[in-house]
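# Remarks on the overall topology
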Amino acid sequence: MTPLDRSLREGFSLLRQRSGVDPMPALREAAFARFAELGLPTTESEDWKYTSLAALAQMRLEPAEAKADIDEELLRGLWSPPADGSIQVVFVDGHHRPELSSPAWGSGGSFVGSLRAGLARNRDLVACELARHADFRRDALTALNTAFIEDGAFIHLPAGAVLQSPIHLLFLSTVSRGATLSHPRNLIVAGRGSEATVVETYAGPSEATYFTNAVTEVVLDEGARLHHYKLQQESERAFHIALLQVSHGRDSRFTSHSLALGAALARNDVRALFAAEGSECTLNGLYMAAGKQHLDNRTLIDHKSPRCTSRELYKGVLDGNSRGVFSGRVLVREDAQKTDARQINKNLVVSEGAVVDTKPQLEIFADDVKCAHGAAVGELDEDALFYLRSRGLGREAARSLLTYAFASEMVNLIPLAPLRARVRELVTSRLPDRESLREVA
Amino acid sequence: MTGPMLRIRNLRARVADKEILRGIDLEVGAGEVHAIMGPNGSGKSTLAQVLAGRDTYSVTGGEVLYQGQDLLALPPEERAVAGVFMAFQYPVEIPGVGNLYFLRTALNAIRKRRGEEELDAMDFLAFAREKMKLVAMDESFTGRSVNEGFSGGEKKRNEIFQMAVLDPRLAILDETDSGLDIDALRIVANGVNSLRSPDRAMIVITHYQRLLEYVVPDRVHVMDNGRIVRSGDRQLALELEEKGYALVQEQPAARARGEAR
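The paragraphs below set out a description of the structure included in this document.

Rules of the game
- Residues numbered from 1 in each chain as written.
- Chains lettered and ligands numbered in written order.
- Predicted model: local features only at pLDDT ≥ 70, side-chain atom pairs only at ≥ 80, totals over all residues.
- Heavy atoms only, no water.
- Helix = DSSP H or I, 4+ residues; strand = E, 2+ residues; numbered from the N terminus.
- Rg over C-alpha atoms; globule rule 2.2 N^0.38 Å.
- Buried < 20%, exposed > 50% of the residue type's maximum accessible area, 1.4 Å probe, protein only.
- Areas by Shrake-Rupley, 256 points an atom, 1.4 Å probe, with all protein chains shown as cover.
- Pairing = 2+ DSSP bridges.
- Axes fitted to C-alpha atoms, helices over the stretch in contact; angles between N-to-C directions.
- 1 Å grid on protein atoms, 1.4 Å probe; cavity = no way out; pocket = protein on both sides within 12 Å on 5 of 7 lines; lining within 4 Å.
- Points joined across faces, edges and corners; volume = space filled by probe spheres on them.
- Nonpolar A, V, L, I, M, F, W, Y, C, P; charged D, E, K, R; others polar.
- Contact = heavy atoms within 4.5 Å.
- Patch = residues over 30% accessible without salt bridge, like charges linked within 9 Å, V, L, I, M, F, W, Y side chains within 5 Å.
- Salt bridge = Lys/Arg side-chain N within 4 Å of Asp/Glu carboxyl O.
- Lys, Arg positive; Asp, Glu negative; His and termini not counted.
- Charge placed at Lys NZ, Arg CZ, Asp CG, Glu CD.
- Buried area = accessible area lost by both parts, 1.4 Å probe.
- Polar contact = N/O pair within 3.5 Å; in protein donor to acceptor, adjacent residues only side chain to side chain.
- Phe/Tyr/Trp six-rings, centres within 6.5 Å; stacked < 30°, edge-to-face > 60°.
- Lys NZ or Arg CZ within 6 Å of the ring centre and 35° of its normal.
- Arc of directions from axis to C-beta.
- Left-handed = near helix turned anticlockwise from the far one by under 90°.

Looking now at the overall build of chain A. Along its length, chain A carries ten helices and 21 strands. Taken over C-alpha atoms, the radius of gyration comes to 21 Å for chain A, in line with the 22 Å a tight globule of 441 residues would show. For chain A, with 441 residues in total, the buried portion stands at 57%. For chain A, the accessible surface area stands at approximately 17,600 Å², while carbon and sulfur atoms represent 48% of it.

Moving on to the sheet that holds strand 12 (residues 227–232) of chain B. All names here are of chain B. Pairing is mixed in the open sheet, where six strands are placed in the order 6-9-10-3-11-12. A single partner strand is all that each edge strand has here, and the edge strands are strand 6 (84–87) and strand 12. Between one strand axis and the next, the sheet turns through 20 degrees on average, direction left out of account. Examined bridge by bridge, strand 3 (residues 33–37) and strand 10 (residues 201–205) share four bridges and lie parallel to one another. The residue of strand 10 that forms the bridge with Ile 36 is Ile 205.

Another point: the layout of surface pockets. All names here are of chain A. Of the voids in this model, the largest pocket is the one considered here, and its volume is about 710 Å³. Forming the walls of the largest pocket are 29 residues, and the residues nearest its centre are Pro 63, Ala 64, Glu 65, Ala 66 and His 95. Looking at the lining of the largest pocket, the elements that each hand over two or more residues are helix 1 (3–17), strand 1 (62–63), strand 3 (95–96) and strand 7 (180–182). When residues of the lining of the largest pocket are assigned to their parent elements, the largest contribution, five residues, is made by helix 1. Looking at the lining of the largest pocket residue by residue, the class counts come to ten nonpolar, ten polar and nine charged.

Moving on, we get to the environment of Gly 392 of chain A. With respect to the helices, strands and loops of the structure, Gly 392 of chain A is situated in the loop between helix 8 (382–390) and helix 9 (395–412). Residue Gly 392 of chain A is classed as buried on the basis of its relative accessible area, which comes to 0%. For the pair Gly 392 of chain A and Phe 365 of chain A, spaced 27 residues apart in sequence, the C-alpha separation works out to 54 Å. Setting aside chain neighbours within four positions, we find Gly 392 of chain A in contact with Glu 77, Ala 80, Ala 109, Ile 110 and Arg 113 of chain B.

Negative charge collects at one region of the surface, where Glu 352, Glu 379, Asp 381 and Glu 382 of chain A together with Asp 55 of chain B lie side by side. Relative to the assigned elements, Glu 379 of chain A resides in the loop between strand 21 (370–378) and helix 8. The class for Glu 379 of chain A is exposed, based on a relative accessible area of 67%.

Our focus in this paragraph is the interface of chain B and chain A. The interface of chain B with chain A comprises 34 residues on the first partner and 25 residues on the second. Summed over both partners, the interface of chain B with chain A comes to about 2,200 Å²; 61% of that surface belongs to carbon and sulfur atoms. Inspection of the region where chain B meets chain A yields three salt bridges. Two residues, Arg 391 of chain A and Glu 159 of chain B, come together in a salt bridge whose shortest N-O distance is 2.6 Å. One can count ten residue pairs in polar contact (both at pLDDT 80 or more) joining chain B with chain A. Counting residues per element, the ones that place at least two in the side of chain B that touches chain A are helix 1 (44–52), helix 2 (76–82), strand 6, strand 7 (94–98), helix 3 (99–113) and helix 5 (152–166) of chain B. Residues of the side of chain B that touches chain A, tallied by class, amount to 22 nonpolar, seven polar and five charged.

A few words on the sheet that holds strand 3 of chain A. Backbone-to-backbone hydrogen bonds pair the strands of a sheet. The strands run either parallel or antiparallel. All names here are of chain A. With respect to topology, ten strands assemble into an open sheet ordered 3-2-6-9-11-13-15-17-19-21, the strand pairing being mixed. Every other strand in the sheet has two partners, leaving strand 3 and strand 21 as the edge strands with one partner each. The sheet contact formed by strand 13 (residues 253–260) and strand 15 (residues 280–289) spans eight bridges and is parallel. Bridging across to strand 15, Ser 256 finds its partner in Leu 283. The sheet strands contacting helix 9 are strand 15, strand 17 (309–318) and strand 19 (340–349), and the helix crosses strand 17 at an angle near 155 degrees. Contacts between helix 10 (residues 417–429) and the sheet are confined to strand 9 (195–203), strand 11 (225–233), strand 13 and strand 15, with strand 11 contributing the most and set at about 25 degrees to the helix.

Let us now look at the packing of aromatic side chains. Inspection of every chain in the model, using the stated rule, returns 13 aromatic pairs over all chains. When the centroid spacing of 5.0 Å and the interplanar angle of 10 degrees are considered together, the rings of Phe 91 of chain A and Phe 171 of chain A count as stacked. Within this pair, whereas Phe 91 of chain A is found in strand 2 (residues 87–92), its partner Phe 171 of chain A is found in strand 6 (residues 167–172), the two being separated by 80 residues in sequence. Accessibility assignment for this pair places Phe 91 of chain A and Phe 171 of chain A in one class, buried. On the numbers, 5.6 Å between centres and 50 degrees between planes, the contact of Phe 386 of chain A with Phe 88 of chain B is tilted. Separated into two different chains, Phe 386 of chain A in helix 8 and Phe 88 of chain B in the loop between strand 6 and strand 7 make up a pair that spans both. Phe 386 of chain A sits in the buried class, given a relative accessible area of 5%. Owing to a relative accessible area of 5%, Phe 88 of chain B belongs among the buried residues under this scheme. Lying over the aromatic face of Phe 406 of chain A, Lys 315 of chain A brings its terminal NZ or CZ to 4.2 Å of the ring centre.

Attention now goes to helix 8 (residues 234–243) of chain B. Residue and element names in this part refer to chain B. Looking at helix 8, one finds that the buried residues are Leu 236, Ala 237 and Leu 240. Looking straight down helix 8, one finds that the buried residues subtend no more than 100 degrees of arc, so they occupy a single side. Turned more than 90 degrees away from the buried face of helix 8, the exposed residues are Glu 241 and Glu 242. Next to the buried residues of helix 8 lie strand 3, helix 7 (210–214), strand 11 (219–224) and strand 12.

This brings us to the side chain of Gln 88 of chain A. Mapped onto the elements, Gln 88 of chain A comes out in strand 2. The exposure class assigned to Gln 88 of chain A is buried, which follows from its relative accessible area of 13%.

Take the pattern of salt bridges next. With the rule as written, the count across this model stands at 44 salt bridges over all chains. Two residues, Glu 46 of chain A and Lys 359 of chain A, come together in a salt bridge whose shortest N-O distance is 2.4 Å. In this pair, Glu 46 of chain A sits in the loop between helix 2 (25–38) and helix 3 (54–57) while Lys 359 of chain A sits in strand 20 (residues 355–364), placing the two residues 313 residues apart along the sequence. Of the residues examined, Lys 359 of chain A reaches a relative accessible area of 19% and is grouped as buried. For Arg 7 of chain B, the salt bridge is made with Glu 27 of chain B, and the minimal N-O distance between the two is 3.0 Å. Residue Arg 7 of chain B is found in strand 1 (residues 6–15), and its partner Glu 27 of chain B is found in strand 2 (residues 18–28); the two are separated by 20 residues along the sequence. Using a relative accessible area of 24% as the deciding quantity, one classes Arg 7 of chain B as partly exposed.

What follows concerns the packing of helix 3 of chain B against helix 5 of chain B. All names here are of chain B. Interaxial distance between helix 3 and helix 5 falls to 10 Å at its minimum, and their mutual angle equals 35 degrees. Like other packed secondary-structure pairs, helix 3 and helix 5 cross with a definite hand, here right-handed. Counting all contacts with helix 3, which are made through Asn 99, Leu 100, Phe 102, Leu 103, Ala 106, Leu 107 and Ile 110, the residues of helix 5 involved are Asn 158, Phe 161, Gln 162, Val 165 and Leu 166.

This part takes up the pairing of strand 19 of chain A. Residues and elements named next belong to chain A. Extensive coverage of strand 19 is indicated by the burial of seven of its ten residues. Sheet analysis places strand 17 next to strand 19, joined by ten bridges and oriented parallel. Within the sheet, the bridge partner assigned to Thr 309 lies in strand 19 and is Asp 340. As judged from the nine bridges shared by strand 19 and strand 21, these two strands associate in the parallel manner. Paired with Asp 340 across the two strands is Lys 370, which belongs to strand 21.

Structure (structure tokens):
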């Protein structure tokens, strides 16, 4: 038994002892049993071929305690609340912090708050949708998250609700005595014709060692639209594993922008299922790794129904001795006629020591479809570097500017100006010559 | 300053195993415009690239003194700071980087290293707008990415615009006339002429005489097979136009004799 296994068993029996208040003991037990069967994946599994969790398995992790006091200064360093009065739901070390969050919010039947508050308020809906979309029988990390569900965000948009300003979900980790783990679990249920923008941010101070294992389920009813952003800025010592599972109702739209910058090792899964026809899914992603970081992105778009459109563009920038992984699968099932699917992955390797593995997969079982995919790995263009240097830019400044230029395509795809500015700042802050990129736009 | 702006002595350069410059000697004084002509493959563009600091070419001999200092010892960005500018034959497209942002960054990098104050966005915009007039660039240029989607003519005008902003002491124009229609050629030539000045030297590299009708050179040099084989005044360019490069090429004649035998 690995130190991680031992940690998890101890953590689970502690959770069981508190079962007096546990609203979902059966789900927990089933999920933990499934995790025990599956075990932590190894590189022998096709899904984890390029990403080894061996270092994680050797870690001794304590469930993150809710801290009595939170260092406000530390929080400000990780997150500055937007000035536009948008709603925020804050979790610190996995625990909901009402004092840092907007008041549990509901107007016209909408709800934005913690999962616990959501259970108290709308038990039937939560019980019906939770763990129905993210399949813990198939996936060990999802099983682990499901076994340890304690809290997370719950968003419910009733039919026709349109929220203009973004909803910010914040998952901050702090420094504890030992390494900690948390399992944030989010549920977003968007009713018929509703629309909202949700930003999930995961962050922690650089000296914090922890493991975040998050799952977000998104359920879109007919005609619903959800714009989802994920900003992964975890500590450089952290492990971050997350699944975003989207279930499309008829004629619904989902857009995802995933920005992966932090963590020692991160694995981000995005899976979209076209459960009914006429829907559109756009998955955009940017991963920027340096040092010894390992950033793995895995996507699955399941065209189960006819007349659906998917667009996917992931870009990676790999520096230092980092490793990037993109593995994107587009599955077009037999009944999914008139599918229109396009997937592109482009990587820029800026150092000798960096490596990227890209694996686009297109599996088509229908005959009347339009599908395309492509993957590219390149280096900085020498002609462009010389051009910039011949105009007076130093070598580092020229490299940074070209790297920014490569990444900026993803930044410019973000329609909301304040968010775009924020992401641009995060992207430039990762480049060696960030000074000269202050005002790039 | 004593001596010429640029003095090249017996410059030799190669790419991989191929020697391309085989002993170039050239002197260009402040205020002068020198044209370098020659057939394709004669080494004209290589000379421009070597002067600008492109490291795909290795210099194997000779020296280049610019304002009395060893130009070849400087990396490309330091040459720019010192006042050397090359207008590219094939300007590079850089999607995602604003044309004006890039140019301001370049200008400020140069000013900073010269110990001059940097220009803020507002001051720069006013300054740049003045210079844009020189090459008839309209306001839409300011909002576009560096050369992205520019026509051939727009790219060349953008090069001259950059030259106007960076205000170099030595400007090397590498086939700035290639691919231009007559209207674009006039615009570019007018821009170049307006930048002629007693304290600036220019080297204009061209395949055709056409540009030299507009930008009248003080001296004309003809390159062939990595060397300057003839130098003269403007008349030389006209003579070449009339008789072709066979006038200065030795080998083709020798080859022709060989074939006749």
